[in-house]
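# Remarks on the overall topology
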Amino acid sequence: GEFMCLADFPRLKWLNLKETAVRGDIRNISEDDFVSMKSLVLPKAVYGAGGYELQRVSDGPELIRTLYLLKKQRPVLLDITDWYGQLSTDSP
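Please read all numbers here as calculations on a predicted model, not as lab measurements. Within any chain, residue numbers begin from 1 and follow the written order of that chain's sequence. Per-residue local features are limited, in this predicted model, to residues with pLDDT of at least 70; the limit for side-chain atom pairs, both in listing and counting, is 80 or more; totals at the level of whole chains, interfaces and linings are taken over all residues. With hydrogens and water stripped out, all remaining heavy atoms of the structure feed into the side-chain values.

### Remarks on the confidence of the model for the protein chain
One rule of thumb: low pLDDT means the predicted coordinates there are not for detailed reading. Condition: Residue-level confidence of the predictor is summarised by pLDDT, bounded by 0 at the bottom and 100 at the top. Helix and strand definitions here come from DSSP, where helices need a minimum of 4 consecutive H or I residues and strands a minimum of 2 consecutive E residues; each element is numbered from the N-terminal end.
Per-residue confidence for the protein chain gives a mean pLDDT of 88; residues scoring 70 or more make up 100%. Strand S1 (residues 14–16) holds the highest mean pLDDT among the elements of the protein chain, 91, whereas strand S4 (residues 85–87) holds the lowest, 87.

### Remarks on the layout of surface pockets
Rules: Cavity means a closed set of points on a 1 Å grid over the protein atoms alone, one where a 1.4 Å probe fits but cannot get out, pocket means an open set with protein on both sides within 12 Å along at least 5 of 7 lines, and lining means a residue has an atom within 4 Å of a point. Grid points are joined across faces, edges and corners, and a volume is the space filled by probe spheres set on the points. Note on residue categories: nonpolar means Ala, Val, Leu, Ile, Met, Phe, Trp, Tyr, Cys or Pro, charged means Asp, Glu, Lys or Arg, and polar means any other residue, Gly included.
Its volume calculated, the largest pocket comes out at about 370 Å³. Along the wall of the largest pocket there are 21 residues; nearest its centre are Val41, Leu42, Gly50, Asp79 and Asp82. By residue class, the composition of the lining of the largest pocket is 12 nonpolar, four polar and five charged.

The structure is reproduced here in structure tokens:
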């Protein structure tokens, strides 16, 4: 399912979904989502999560901008100190 389904639980403080099959997109996180969250760890299948596979090199700047804006808006939500992305082997 989608990790955003868990945004309706305002008392969640720590959530590690790294080894799960959830999907989604960090661009869908708004100011009102995960309000008490101190740590959110997402699997690489989620757009913007650590280890995300870019389909094209040209997708990189938009992804980094998304991460920057989310980190600026919600500094404690995502720890991006060891974040990395990679180019998919299926990339044209």
